[in-house]
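# Analysis of the macromolecular model
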Amino acid sequence: MSIPVDRHARIVIIGGGAIGCSVAYALSRKGERDVLLLEKRQLTEGCTWHAAGLVGQLRGKRNLTRLMQASVAVFDRLAAETGNAIQWHKVGSLRLASSPDRWSEVRRSMTQAKSFGVECDALSAEAAKALFPFITTDGIEGAAYIAGDGYVDPYGLTQAYARAARAGGVEIEEGVTVTDIITAGRQAVGVVTDHGTIGCDVLVNCAGLWAKRVGEMAGVAIAAGVVEHQYFLTEKTLDLPDNLTTLRDPDRNFYLKPDTGSFAIGGWEEGTRGCWRGLPPLEFGRELFDANYDRLALFASLAAKRLPVLDETGIQTVINGPIPVSADGEPIMGKAPELDNFYLACGFTAGIAASGGAGEALANWIVEGDPGMDLWQFDVRRFGPVQAQGRYLEERAIEAYGAYYKIHWPNEEQHSARPLRRSPLHDRLTAMGAVNGQKFGWERPNWFAAPGEDRHDVPSFEGKPNWFGAVAREVEAIRNRVALIDQTSFVKFEVTGPGAQAALDRIAANKVPEAPGSAVYTQLCNARGTIEADLTIVHAGPEHFLVVTGSGFGIRDGAWIRAQLPPGVQIRDVTGQYATINICGPKAREVLQSVSDSDLSNAAHPFLAAREIEIGWARALAVRIGYVGELGYELYIPQEFAAHVYETLWAAGEPYGIANAGYRAIESCRFEKGYLYWSGDITPDTNPYEAGLGFAVDLGKPEFSGREALAALKAAGPSRRLVTFTLEGFVPLHGGEPVIADGKVVGSLSSAGFGHHLGKSIGFGYLPVTQGDRRDFVIEAFGRAYAATRGPRVLYDAKMERLKA
């Protein structure tokens, strides 16, 4: 579409904070010269100017840690490259553990650091005080020190990015406000500003506080909220060594950055104020809010207990400014699913620390088509319109802010803005003991408490959580009897129209059934032959398909499919139209057959068959598939009939000892069966052959996405393979633990848990093929070494006799 414009730039970046300027700099380093950055006031005048500037590298996932490490590498070179002083002080970071539970969390992080290649030292309280003499050691269980961390001047850093970008050919214009975005079809074709209209081929939203507002101009839903954040500067009366490390004491809810003769101290208190429902006015600029001393006291008083010198030092300045916080507290990056040329890098709560790596990753995304590593935890497609709704977003952002320094337990759940999306069985199952979690706004049972049991999660790092016994009961029912699992939160797409089968067959790695009545498990691969999605395709009728994927992957997978469909083939999200009940276990067929006149024999309804059947007074699409490794049927039922179907199955199953089961029982069963989870075990960094999924790739098809790369990968053979480790009894594994052979780290666990039926701890992880058939390894968790055995890839029903019974 041609629009009247005053000028044109290939890439237009909106926002001149640290992130926007870093993206511009990274694009210039990749040879992009026709880049225009627009800043509505002056560079840094959103929230960059009042950021504290702490830099920490260790995150909970390998690639997120790599992104932060990339930032440090940029900081290391930037001053010399530009001549701008960025005040990069690589003095390290000290994190205190002031409670036993926090020490468990810190030791888990240090274990992950070992597998991620981050230098991290465990210190005693006395050793921590030697590094930071101003602290008391009262209550300190231990500490972690990372020498490569530090702090940087946000203003100087941003100006250095800008200078380097300009030197590389980027134009930066200040005092230019974007007031609207022009779209045509799935393209952003230009921006309207108070200085004229500018056409573009690529548009990048780095608008910081205003990112959600800029997204709305383009019809893009962005779950980036805004909240108040406070820190204070002490009077400049302190005698500080030049190499004093930064300090974090999350149990006392504060961080500290040394300044010239003073400390900058901030915290993440509960009850902060949400701002403007995430939509600050465009007129807001270099402004702060009045100090809130009641909230400040929530962390300042705790900081004084750790730092007695604060009792003798006054407060010089209180900074209370708006900062971005997303619906889950993590940044938002990538290409918006609504448009094909609209990229985002926003929602950064720690944007200064991440800026260098984030700029490089987004530049890769724009120029190369992917960020160079899997960044799912930051990906814009993990959110949808649900999370971007103003009131929902504000509640979640406030919770995420207040949880920043809370202990992050394994399997923790968010608690705000709940309950929202509910299946027709929600109230019934809750009355039967369901302890619910949430995924993408859906309430769903994690486990079921017996009468008299506490119906709240009590997690643990090193011990068994309180749901351990309950999950064992549910697994026993799945393995030996029959169970019902509410899986309504599955994302369900209908793909229809002339050519639907051929279109899906070109997208999927496996062969999509040509005739109605069957299902296929498949990956969707990219041009590199790595895994973008892991899902099921059901041929439900002539040119009518049901695509089923995980509850949190619908935006991502739907966008991936939609982008490759030809004209005439439609995709429609029907998640809310159908409930999903999984009936599984060795008695599943007997129970289901007792309430259905449809023939459910193995001959009539074999594994992967999909048939419309009658159940009581209702009908359902019954697909013979599941994620627990037992005989089972996923029943797709119009919502209004779901309660009846559940009641009918429950009554019929009572003589068989039928039970409800939740998602934590599914997790235990999938470890025993060797089933993989996208975003953990398989990602865009892995290919099907190294993951043991070559059976789901049909190279006999002449054409499909990634075929050329997959053929080459198969011919070359994998350099690593996903394997299964077992450890005797209960071992506190949560994923990310290093795998050690002959004293060297040779891999890490992609996911781990406990197999209740087998009575073993189980972990999946990739090993280089140079390890050959070696069976004996060591897995380190919480500073302890555990003997681990590399076993068969599938530990339970390897011949699929029970699954196909």
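Scroll up to find the structure this text is about.
Remember, predicted model here, so these are calculated numbers, not experimental data.

Here we come to the nonpolar core. Counting residues in each nonpolar core, the largest one holds 51 residues, and the members touching the most others are Ile13, Val204 and Leu362. Contributions of two or more residues to this core are made by strand E1 (7-14), helix H1 (18-29), strand E2 (35-39), helix H2 (62-82), helix H5 (154-167), strand E11 (196-205), strand E18 (342-346) and helix H8 (351-368). Apart from the residues lying within four places of it in its own chain, the contact partners of Ile13 are Gly20, Val23, Ala24, Leu27, Val35, Leu36, Leu37, Leu38, Val204 and Cys206. Among the nonpolar cores identified, the runner-up in size contains 39 residues, and Val12, Ile14, Ala211 and Phe284 belong to it.

Moving on: the sheet that holds strand E26 (residues 570-573). Spatial ordering of the open sheet is given by E23-E24-E25-E22-E26, a layout of 5 strands whose pairing is antiparallel. Edge positions in the sheet fall to strand E23 (518-525) and E26, since each has one partner strand and no second. On average, each strand axis in the sheet is tilted by 30° relative to the strand beside it, whichever way the strands run. Where strand E22 (residues 491-496) lies against E26, 4 bridges are found, and the strand directions are antiparallel. From the neighbouring strand, Thr496 faces E26, where its bridge partner is Gln570. Lying over the sheet, helix H14 (residues 554-562) contacts E22, E23, strand E24 (531-541), strand E25 (544-549) and E26, oriented at roughly 75° with respect to E24.

What follows deals with the sheet that holds strand E6 (residues 142-146). Pairing in this open sheet of 8 strands is mixed, and the strands run E5-E6-E4-E13-E14-E15-E12-E16 from one edge to the other. Here the strands that pair on one side only, and so sit at the sheet edges, are strand E5 (121-123) and strand E16 (315-326). Strand after strand, the sheet turns through a mean of 20° between neighbouring axes, direction not considered. Along the sheet, helix H7 (residues 293-306) contacts strand E4 (93-97), strand E12 (224-234), strand E13 (246-249), strand E14 (254-259), strand E15 (262-267) and E16; its crossing angle with E12, the most-contacted strand, is approximately 50°.

Turning to helix H10 (residues 390-402), a few remarks are in order. Taking 1.5 Å as the rise per residue, H10 with 13 residues should run 18 Å; its terminal C-alpha atoms sit 18 Å apart, in good agreement. Within H10, the full set of buried residues consists of Gly390, Tyr392, Leu393, Glu394, Arg396, Ala397, Ala400, Tyr401 and Gly402. If you follow the buried residues of H10, they end up packed against helix H6 (211-217), E12, E15, E16, helix H9 (385-388) and strand E19 (434-439).

By the bridge criterion, 4 bridges tie strand E17 (residues 332-335) to E18 in an arrangement that is antiparallel. Looking at E18, one finds that Ile332 is bridged to Cys346. Count of turn residues in the E17/E18 antiparallel hairpin: 6 residues.

What follows covers the pairing of strand E32 (residues 720-728). A regular strand carries its side chains on alternate faces of the sheet. As judged from the 9 bridges shared by E32 and strand E35 (residues 760-768), these two strands associate in the antiparallel manner. When the bridges of E35 are listed, Thr726 appears paired with Ile762. Two elements, E32 and strand E37 (residues 784-790), share 2 bridges in a ladder whose sense is antiparallel. Looking across to E37, one finds that Thr726 is bridged to Thr789.

A separate point is the packing of H2 against H5. Running from N to C, H2 and H5 point in directions that differ by 60°, and their axes come no closer than 10 Å. One element, H2, and the other, H5, form an angle in the oblique class. The chirality of how H2 crosses H5 is left-handed. Touching Val74, Phe75, Leu78, Glu81 and Thr82 of H2 are Leu157, Ala160, Tyr161, Arg163 and Ala164, all from H5. Of the residues assigned to the contact of H2 with H5, the class counts are 7 nonpolar, 1 polar and 2 charged.

What counts and how
- For every chain, the first residue of its written sequence is number 1, and the numbers climb from 1 along that sequence.
- Restriction of local features to residues with pLDDT of at least 70 applies here, the model being predicted, together with a cutoff of 80 or more for giving and counting side-chain atom pairs; totals for whole chains, interfaces and linings are based on all residues.
- With hydrogens and water set aside, each side-chain value is computed from the structure's full complement of heavy atoms.
- Put simply, a nonpolar core is a bunch of buried Ala, Val, Leu, Ile, Met, Phe, Trp, Tyr and Cys residues held in one set by side-chain atoms that sit within 4.5 Å of each other.
- The classification of residues rests on relative accessible area computed with a 1.4 Å probe and restricted to protein chains. Under 20% of the type maximum is buried, over 50% is exposed, and intermediate values are partly exposed.
- By definition, any uninterrupted DSSP run of H or I lasting at least four residues is a helix, any uninterrupted run of E lasting at least two residues is a strand, and each is numbered from the N terminus.
- Contacts are assigned to residue pairs that have any heavy atoms within 4.5 Å of one another.
- Here a strand pair is declared whenever DSSP counts at least two bridges between the two strands.
- Interaxial angle, 0 to 180 degrees, is taken between N-to-C directions of lines fitted to C-alpha atoms, where a helix line uses only the stretch in contact.
- Multiplying one less than the number of residues by 1.5 Å gives the expected span of a helix.
- Throughout this description, any angle smaller than 35 degrees is read as roughly parallel, any larger than 145 degrees as roughly antiparallel, any in the 65 to 115 degree range as roughly perpendicular, and the remainder as oblique.
- A crossing counts as left-handed when the near helix is turned anticlockwise from the far one by less than a right angle, and as right-handed when that turn is clockwise.
- Following the grouping adopted for this structure description, the nonpolar residues are Ala, Val, Leu, Ile, Met, Phe, Trp, Tyr, Cys and Pro, the charged ones are Asp, Glu, Lys and Arg, and the polar ones are all others, Gly among them.

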